[in-house]
Each structure stands twice: as C-alpha cells, then as structure tokens.
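Structural overview
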Amino acid sequence: MNLDLARWQFALTSVYHFVFVPISLGTIWFVVGFHTAWYRTGQQKYLRLTKFFGKLFLINFAMGVVTGIVQEFQFGMNWSDYSRFVGDVFGAPLAMEGLLAFFLESTFLGLWIFGWDRLPRLVHLATIWMAALGTLFSAFFILAANAWMQHPTGYEISSTTGRAVLNDVGAVLFQPASIMAFAHTMTAAFVVGGAFVAAVGGWHLAKGHEAELFRPAVKAGAWVILIAAVGVALSGSEIAKVMVADQPMKMAAAEGLYSTTTDAPFSILTIGDLSGDQATPIIEIPGLLSYLATGSVDGTVQGIDNLQEEYVAEYGPGDYSPYVPLTYWAFRAMIGFGMIAAVYALWALWRFRGGRTPRSRAFAVSTALVTLLPLAGISAGWIFTEAGRQPWIVFGLQKTADGVSPLTSSPEILSSFIGFAVLYAGLAIVEVRLMLRAIAAGPPPELEEADGDSDQDSDKQLYFAY
C-alpha cells in the first residue's frame, strides 16, 4: 500500500511539474530572440513581443519553480531509503543544478525583470542570455541525474556503509545516456515552445489583432517546430540505441515484443492484451523496430520473455518487465503527437505563403490545439522513460519497492497525496487564468514618437507600459 501511494504521489507531482518545464525551456529562447532583434534593429515591434512573451514565460517559470521544489521534497518524505542508498551520487548533479544553474536563472532573470531602463541596453540583453543559458544547465544537470537512474555509472558501493559513493563525476554527467537525453529533451522543448508561441500568435490573428506583429511570431514558431522536430527525430533515433544498450527490456516493452526477433517490425496499432501474447498488430512497419534498436533493419531485438530469464539468472527471482500497455502506448503517443506538430508547422507555413495571413477560426483552433499536442507528447515520453524502467528505481541497483520510506504510514502518504492534488488543482486554475488574462491583454501598446529624442523617450515609456 505504501509503495503504490508513494508511486502515485510522485507520478502526480512529476507529471504536473513537467507540464511547465518544456514551455519554459522553449519559450525563453523566443524572448531572447525578440530581445536581440530589438537591440539590433531598434524596432518597437520586437520590444513589444519581448515584453509580451517575457511576461508569459515568467508566469510559467514561477509555477515550474514552485512545483519543482515540492517534487524534490518527496525524496526525503516518501523515498528515504532511496535517498539514503544513492543520495551521495544522485545528489551531486542536483546540487550542481541548484548552486550553478538555478543561480544563473534566478539572478539574471531578476536583473532582466528589474533592469529595464536601469541597465545599459547591451548589459540588459546579456542578462536574458545568461538566464537562458541557466535553463540549459538546469536541464542538463537534472537529466544527468535521471540518466544515472537509467544507467548507474561513476560510483562504487562502500564496504563500510553499503551505500553508493560517487567516484567519477564525469562518468555521471557525460555518459551517453545523459548527453542523448539532453539533446532529445531540449529539441522536444523547442517544439513545445514553438507551438506555444504559434498558438498565442494564431489566436490574436484570428481576432484580427495586429497582423504585422503576430504574423512573424507565428511563422517563427512554426519554423522552430519544424526544425526542432527534425532534431527530435535524429536524437530519438540515437537515444533508442543507447536505451537498448542500457535497458533492452524497455525497448522490448515499447513494442510488446515477447520473443527475440530479427527484422523486428514496429506496430502503429495493436489490439488485444498487450501484457501477453494475445495482442494482434493491425498496422506494422517491417524492420523499423530493429532499425531503431540497432541501426539495421535486419538487427536482432531481444524479447521480454528472453530478457526475463536473463534477469532472473542475474538478479534473482522476480518480475523484471514493466507494465507493457503503458509503455507501449506512451511510446506511440510521444512519437505521434510530435509528428502531428511537424505536419502542422508545414501546413501553417504554407498558409503564410506569398504574404498571406490566415485569420480563420479553423486556423486559430488548430493552432491552439498544437500547444497541447507537443506538450502531451513530451509528457508521454517522460512517462515512458520512467515507467519503462520498472521495477527498478535505479536500474540493476535498487528496486522501486526497496526505495520507499519504511517509517511513513499509508494515512500520512494518502493525506499528503490528497493535499498535493487539491493544491495543484488550485494552482492549475491560477496558472490558466493568469496566462489567459495576459494573452488576452496582448502586448503593451506602441507609443507614438515624441518630437526630438523620440526613440529614447518612447522606449522609456514602453519599458513601464506594464
């Protein structure tokens, strides 16, 4: 009971927190781009876009910080045996994230927020660049910590304490699993950020608001979606090979493949019981799973049953397969929603061809949905990554059942679970209302230039328009 409640609570906080993460990681670089364009050209439209999307980013960033702190508290609340056993290793990249990355983010975001008309323009521009770099460092360190859970390395078990002890921080930070996870997550976050910017701009275009301002924003969002989607596909192909080398069971579960197969197909749709041999593939692409796993359509992919026998021989009796239906459909949701976003980007760019500006309700609705699809896709990818590792909390080193806090009672976990759920529901309402209100308000108004030193006076007024 304790284990199930602890897992559900961590799943709730993780998935909820991760909703805000890719929006922040992707959107801040649009703010950087618009701010840089304003610095280089002096055109007010770029300053207005900077202020507008900067405000949306800050609302989302604040929610991400709050929910992320709560998530980390759970390592001590519900997973104390995990923290005690591997905290000396797992805590190292998290400490780096707090001391270096979050310092960059918070310090330079503060300077950017309060530095309008107080810092020299170039210095002020540098603050948002530094904050954006801080988000990259933050993502890297957190993904390195998670990659260590997928493939533990750079450690040894202490003979005196029986705990995992860090002996090679470079192996933890720069192993293939962490590098490829960073590349894959960041390109996916750019897809989410591009979809968010395109959706906001598309809504304003459908309302007939300032086409000269939002038209380039939507086009920029569509181009970023398209380019980043290529990066997602390329990094996803590489991370699949790393995953097969580190966790072959996860790839087998992603296809519901129970027997070792050469020239293994990839099923687009399967009906029946995926947790056994009763499943029936309806649409398959021959050799695709082998290509994803090995780089060759003739490659051999190990099956769940075969791997189960190997793991029993290596780790002892037990069930070493994850819940196959969840991993199977999460894997397809991750891929499918990303592909839909890429198709949308092509369609949107075609609608803007030849100086056209789409204003139809259909365009606005489809653009708004695009924000949700990449976000659902990247969340599904995160669920696949974590659920596919089960029953391990640290693959091959500690099972999830062995990481839960032994002294925390079921009523305590349940009460905090309910409390978090209610709190997060309230925060979701606040977040949505703040975002919708800021989006509906639009950018600050473009001010007419005064006589004389017009550019400087106009910019000063615009600085404080909000």
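Before any of the text, the structure's been laid out above.
Residues numbered from 1 in each chain as written. Predicted model: local features only at pLDDT ≥ 70, side-chain atom pairs only at ≥ 80, totals over all residues. Heavy atoms only, no water.

Within the largest apolar cluster, 59 residues are counted, with the highest numbers of intra-cluster contacts made by Phe53, Leu56, Ile128, Ile225 and Tyr344. When residues of this core are assigned to their parent elements, the largest contribution, ten residues, is made by helix H1 (residues 2–41). Not counting residues up to four positions away in its chain, the partners in contact with isoleucine 225 are Val191, Gly194, Ala195, Ala341, Ala342, Tyr344, Ala345 and Val370. Counting residues in each nonpolar core, the second largest holds 17 residues, with Trp79, Leu94, Trp148 and Ile393 among its members. (Core = buried A, V, L, I, M, F, W, Y, C linked by side-chain atoms within 4.5 Å. Buried < 20%, exposed > 50% of the residue type's maximum accessible area, 1.4 Å probe, protein only. Helix = DSSP H or I, 4+ residues; strand = E, 2+ residues; numbered from the N terminus. Contact = heavy atoms within 4.5 Å.)

Here we take up helix H8 (residues 248–255). Counting buried positions along H8 yields eight of eight residues, so the element is predominantly enclosed. The complete set of buried residues in H8 reads Pro248, Met249, Lys250, Met251, Ala252, Ala253, Ala254 and Glu255.

Attention now moves to helix H13 (residues 410–441). Given 3.6 residues to a turn, an α-helix orients residues that are three or four positions apart in the same direction. Relative to the 46 Å expected for 32 residues at 1.5 Å per residue, H13 spans 46 Å between its end C-alpha atoms, a close match to the ideal helical length. Turning to H13, its buried residues number three or more, namely Ser410, Ile413, Ser416, Phe417, Phe420, Tyr424, Leu427, Glu431, Met435, Ala438 and Ile439. Of the surrounding secondary structure, the elements contacted by the buried residues of H13 are H1, helix H2 (44–77) and helix H6 (176–206). (Expected span 1.5 Å × (residues − 1).)

The topology assignment puts threonine 27 in helix H1. In this structure threonine 27 comes out as buried when scored by relative accessible area, which is 1%. Setting aside anything within four residues of it in sequence, one finds threonine 27 in contact with Phe53, Phe57, Gly193 and Phe196.

Here we take up the layout of surface pockets. By volume, the second largest pocket is sized at about 1,200 Å³. What lines the second largest pocket is a set of 46 residues, and nearest its centre among them are His184, Val232, Gly236, Met334 and Ile335. Elements that contribute at least two residues to the lining of the second largest pocket include exactly helix H4 (121–150), H6, helix H7 (211–246), H8, strand S4 (266–271), helix H9 (288–294), helix H11 (324–351) and helix H12 (361–387). Per element, the largest residue contribution to the lining of the second largest pocket is ten residues, and it comes from H7. The residue makeup of the lining of the second largest pocket, split by class, is 29 nonpolar, 14 polar and three charged. (1 Å grid on protein atoms, 1.4 Å probe; cavity = no way out; pocket = protein on both sides within 12 Å on 5 of 7 lines; lining within 4 Å. Points joined across faces, edges and corners; volume = space filled by probe spheres on them. Nonpolar A, V, L, I, M, F, W, Y, C, P; charged D, E, K, R; others polar.)

Here the focus is the packing of aromatic side chains. Per the counting criterion, the structure on display carries 29 aromatic pairs. Ring geometry for tryptophan 38 against tryptophan 116: centres 6.4 Å apart, planes inclined by 50°, an arrangement best described as tilted. Separated by 78 residues along the polypeptide, tryptophan 38 in helix H1 and tryptophan 116 in the loop between helix H3 (80–114) and H4 bring together distant segments of the chain. Grouping aromatic residues by their ring pairs yields a cluster made of Phe30, Phe34, Phe52, Phe53 and Phe214. Lying over the aromatic face of tyrosine 328, arginine 332 brings its terminal NZ or CZ to 3.5 Å of the ring centre. (Phe/Tyr/Trp six-rings, centres within 6.5 Å; stacked < 30°, edge-to-face > 60°. Lys NZ or Arg CZ within 6 Å of the ring centre and 35° of its normal.)

Interhelical geometry of H2 versus H13 gives an angle of 170° and a closest axis separation of 9 Å. In terms of axis orientation, H2 runs roughly antiparallel to H13. Where H2 abuts H13, its residues Phe52, Lys55, Leu56, Ile59, Asn60, Met63, Thr67, Val70 and Met77 lie against Ser416, Phe420, Tyr424, Leu427, Glu431, Leu434, Met435, Ala438 and Ile439. A per-class count over the contact of H2 with H13 returns 13 nonpolar, three polar and two charged. (Axes fitted to C-alpha atoms, helices over the stretch in contact; angles between N-to-C directions. Parallel < 35°, antiparallel > 145°, perpendicular 65-115°, else oblique.)

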